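# A look at the structure
The lines below spell out each chain.
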Amino acid sequence: MHYKSLNQNAPAVSFEEAVTLGLAPDKGLYFPEEINPLSQSFFEKIETLNNVTIAFEAIKQFVGNEIPEQDLKQILTETLNFDFPLTVVEKGIFSLELYHGPTMAFKDVGARFMARCLAYFNKKNPTQKNTILVATSGDTGGAVASGFLGVKNVDVVILYPSGKVSDIQERQLTTLGQNITALEVDGVFDDCQDMVKKAFLDKDLAHKNLTSANSINVARWLPQMFYFFFAYKELKKYNLPIIVSVPSGNFGNICAGILAKKLGLPIEHFVASTNENDTVPRFMTTGTYSPKPSKATLSNAMDVGNPSNFIRIQELYQHNLTAFKNDFSSYQFSDEETVSIMKKIYSEHNYITEPHGAVGYLGLKKELANKSNHIGVFLETAHPIKFSDNVESFLEIKLPIPTQIESVLNKEKKSVKIRSYIELKDFLT
């Protein structure tokens, strides 16, 4: 498998090169040169397969022969060593809970997979050192910190916007120490992401072997398609068309879902549910992609004004908006609507959502209103405890503290405050 740059001005690279480079030299995202649908027999028997087998079949073409089958299966076994339950919320509507991993967020899968791939590649060159540079609007930082903690010859530098992540999210990326450093940026997520992209292209930093663990990196992005296969495995028995709503910020997760559909996964329609950062919903209406500066909302992990992965989605449809709209909708919701639906779901169905999952539920309900005889899934991307201040206040409850969270609550926060790219560059050099 080779990967091309979506800016079309850089040479194709191997999977290993795409992982270690992160971003192409022409600033483009890497994208597989070929996407080969899986066999019909795979989907016919999917309910009989375990998660590791499903994941291996889904991703093996994208890794190729660069990681031997036995090693790749071991990486997947270590990556997927927790559950992905599908919970009935109400008739015909399910929550796919992606928060049962070590940092209680959906990004655990991608971070763990990427860390293990990079560790495998580094075995071939024991003197090779890498610096993982990552921007986070919430959960990415904690997942990457946990996934790469203690990985030999890898340093991790995480940029996050000061005051714009929850307390628990901040603790998960600032309290681990060892090879993990957190940089607290005076700005918003888009500022963090812009700094990271600039650093990748800075020739003065070439000796640092920088790579990204954001979903711009193929090893972080591709494994996210596993969730959609796992959901279909459980829903196949209903024999009804499936709609999946994904709370969307940087659009990596929903892009992976659409890739799964291109591989043949029988999901009829996707909904990108956003908060007030409405770049994609506006695009779906106007056909013009015009990003705006991000706004702070209750669903902070989705506070992205210029979602990096949307160009990959467009590539999956060869920039054909008509074909795209057949498979995809996008709706925007306010904080007020988010709070209202969190209360409604809890009071009527005794199910606890946090702001991101609640936005996903809103988008699903809006799409289902036009489609009878369908079933729907919304993704719960983080445990409610990670947004405990809001969840407990809005729902008037007290959440028990899971073991994964308890372990970071009493640790000391350590971060380095920066305000500009120059300060980031100085830190890295």
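Residues numbered from 1 in each chain as written. Predicted model: local features only at pLDDT ≥ 70, side-chain atom pairs only at ≥ 80, totals over all residues. Heavy atoms only, no water.

## Looking at the nonpolar core
Using the following cut-off: We call a set of buried residues a nonpolar core when its members are Ala, Val, Leu, Ile, Met, Phe, Trp, Tyr or Cys and they connect through side-chain atoms within 4.5 Å of each other. Relative accessibility decides the category of a residue: with a 1.4 Å probe and only protein chains considered, values under 20% of the type maximum give buried, values over 50% give exposed, and everything between is partly exposed. Secondary structure counts use DSSP, requiring at least four H or I residues in a row for a helix and at least two E residues in a row for a strand, with both numbered from the N terminus. Throughout, a residue-residue contact means that at least one pair of heavy atoms, one from each residue, lies within 4.5 Å.
In this structure, Phe-15, Phe-148, Leu-159, Met-225 and Phe-229 are the most contacted members of the largest nonpolar core, which totals 120 residues. Top element by residues in this core is helix α5 (residues 108-123). It accounts for 9 residues. Residues in contact with Met-225, not counting those within four places in the same chain, are Ala-58, Ile-59, Phe-62, Ala-256, Leu-259, Ala-260 and Leu-263. Val-89, Phe-333, Ile-345 and Ile-405 belong to the second largest nonpolar core, which has 29 residues in total.

## Section: the packing of aromatic side chains
Put simply, the test is: A pair of aromatic rings is counted whenever rings of Phe, Tyr or Trp (Trp by its six-membered ring) have centres within 6.5 Å, and the orientation is called stacked for planes under 30 degrees apart, edge-to-face for over 60 and tilted otherwise.
Using the criterion set out here, one finds 23 aromatic pairs in the structure. Both rings, one in Phe-31 and one in Trp-221, keep their centres 6.2 Å apart while their planes meet at 25°; by these two values the pair is stacked. With Phe-31 in strand β3 (residues 30-32) and Trp-221 in helix α9 (residues 218-221), this pair connects stretches of sequence that are 190 residues apart. The pair formed by Phe-31 and Trp-221 is uniform in burial state, with each residue classed as buried.

## Here's the deal with the sheet that holds β3
Pairing between the strands of a sheet comes from backbone hydrogen bonds, and it takes one of two forms, parallel or antiparallel. Our working rule: Between any two strands, at least two bridges found by DSSP are needed for them to pair.
Across the sheet, 3 strands lie side by side as β2-β1-β3; this open sheet has antiparallel pairing. In the strand order of this sheet, the two ends are held by β2 (13-14) and β3, each with one partner. Of the strand pairs in this sheet, strand β1 (residues 2-5) and β2 are connected by 2 bridges, and their pairing is antiparallel. When the bridges of β2 are listed, His-2 appears paired with Ser-14.

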